[in-house]
Amino acid sequence: MKALPLLMMAGLLAACSSTPPAGKAALDGEVFYLQRIALPPSAQVTVSLQDVSLADAPSQELARQTLESGRQVPLAFHLEYDRAQVKPGHSYAVSARVEDNGRLLFISTERHSVKLDGSDPQPLRVRVDPVR
């Protein structure tokens, strides 16, 4: 009789796991900056995963997350994307930006390439630099 509650609990925990649905994959990471200042309470942080393969065309966005305002760095993100959108031979990168009331405060200035084949180190660390 004691085994039944344990089995039910195990099933409930399995249902609550953060494994993406079939056909989906995810990248986890954090956005940070080196300056020793706090973000304004209304700052919006946006992280996106993009196909950056074509130099003469806009990048194609595979996933985007806008983080809850009022938080401070490091800011954790979780990008879920559809594996069917990943094309062999294409290049992918994660970028981030911080805005406050439409004014750009920080942006990623280095390319944060990802392979999307399961070999990417996680959590990813995406540094953003101040905009002058």
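Since the structure is predicted, the reported quantities are computational estimates derived from the model, not experimental observations.

## Thoughts on the nonpolar core
So, step 1. Grouped together as the largest cluster of nonpolar side chains are 27 residues, with contacts concentrated most on L49, F77 and V94.
So, step 2. Listed by contribution, the elements that provide at least two residues to this core are β1 (24-32), β2 (44-51), β3 (60-67), β4 (75-82), β5 (92-100), β6 (103-107) and β8 (124-127).
So, step 3. Setting aside anything within four residues of it in sequence, one finds F77 in contact with L27, D28, G29, E30, V31, V47, Q65, L67, V94, L124 and V126.

## With respect to the confidence of the model for the protein chain
So, step 1. The predicted model of the protein chain averages 87 in pLDDT, with 84% of residues at 70 or higher.
So, step 2. Of all secondary-structure elements in the protein chain, the lowest mean pLDDT belongs to helix α1 (residues 3-15), at 45, while strand β9 (residues 129-130) reaches the highest, 98.
So, step 3. Confidence drops under a pLDDT of 50 for residues 4-17, and excluding neighbours within four residues, the segment shows 0 contacts in the predicted structure.

## Structural notes on the pairing of β1
A regular strand carries its side chains on alternate faces of the sheet.
So, step 1. Among the 9 residues that make up β1, 7 are buried, leaving the element largely enclosed by the rest of the structure.
So, step 2. As paired strands, β1 and β8 are joined by 4 bridges and run parallel to one another. Bridge assignment links E30 to a residue of β8, and that residue is R125.

## Comments concerning the sheet that holds β4
So, step 1. Here 3 strands make up an open sheet; going across it, the order is β4-β1-β8 and the pairing mixed. A single partner strand is all that each edge strand has here, and the edge strands are β4 and β8. Ignoring which end each strand starts from, the neighbouring axes of this sheet average 35° apart.
So, step 2. Alignment of β1 against β4, held across 8 bridges, turns out to be antiparallel. Its bridge partner lying in β4, V31 is registered against L75.

Reading the values: rules and limits
Residues numbered from 1 in each chain as written. Predicted model: local features only at pLDDT ≥ 70, side-chain atom pairs only at ≥ 80, totals over all residues. Heavy atoms only, no water. Core = buried A, V, L, I, M, F, W, Y, C linked by side-chain atoms within 4.5 Å. Buried < 20%, exposed > 50% of the residue type's maximum accessible area, 1.4 Å probe, protein only. Helix = DSSP H or I, 4+ residues; strand = E, 2+ residues; numbered from the N terminus. Contact = heavy atoms within 4.5 Å. pLDDT = per-residue confidence, 0-100. Pairing = 2+ DSSP bridges. Axes fitted to C-alpha atoms, helices over the stretch in contact; angles between N-to-C directions.

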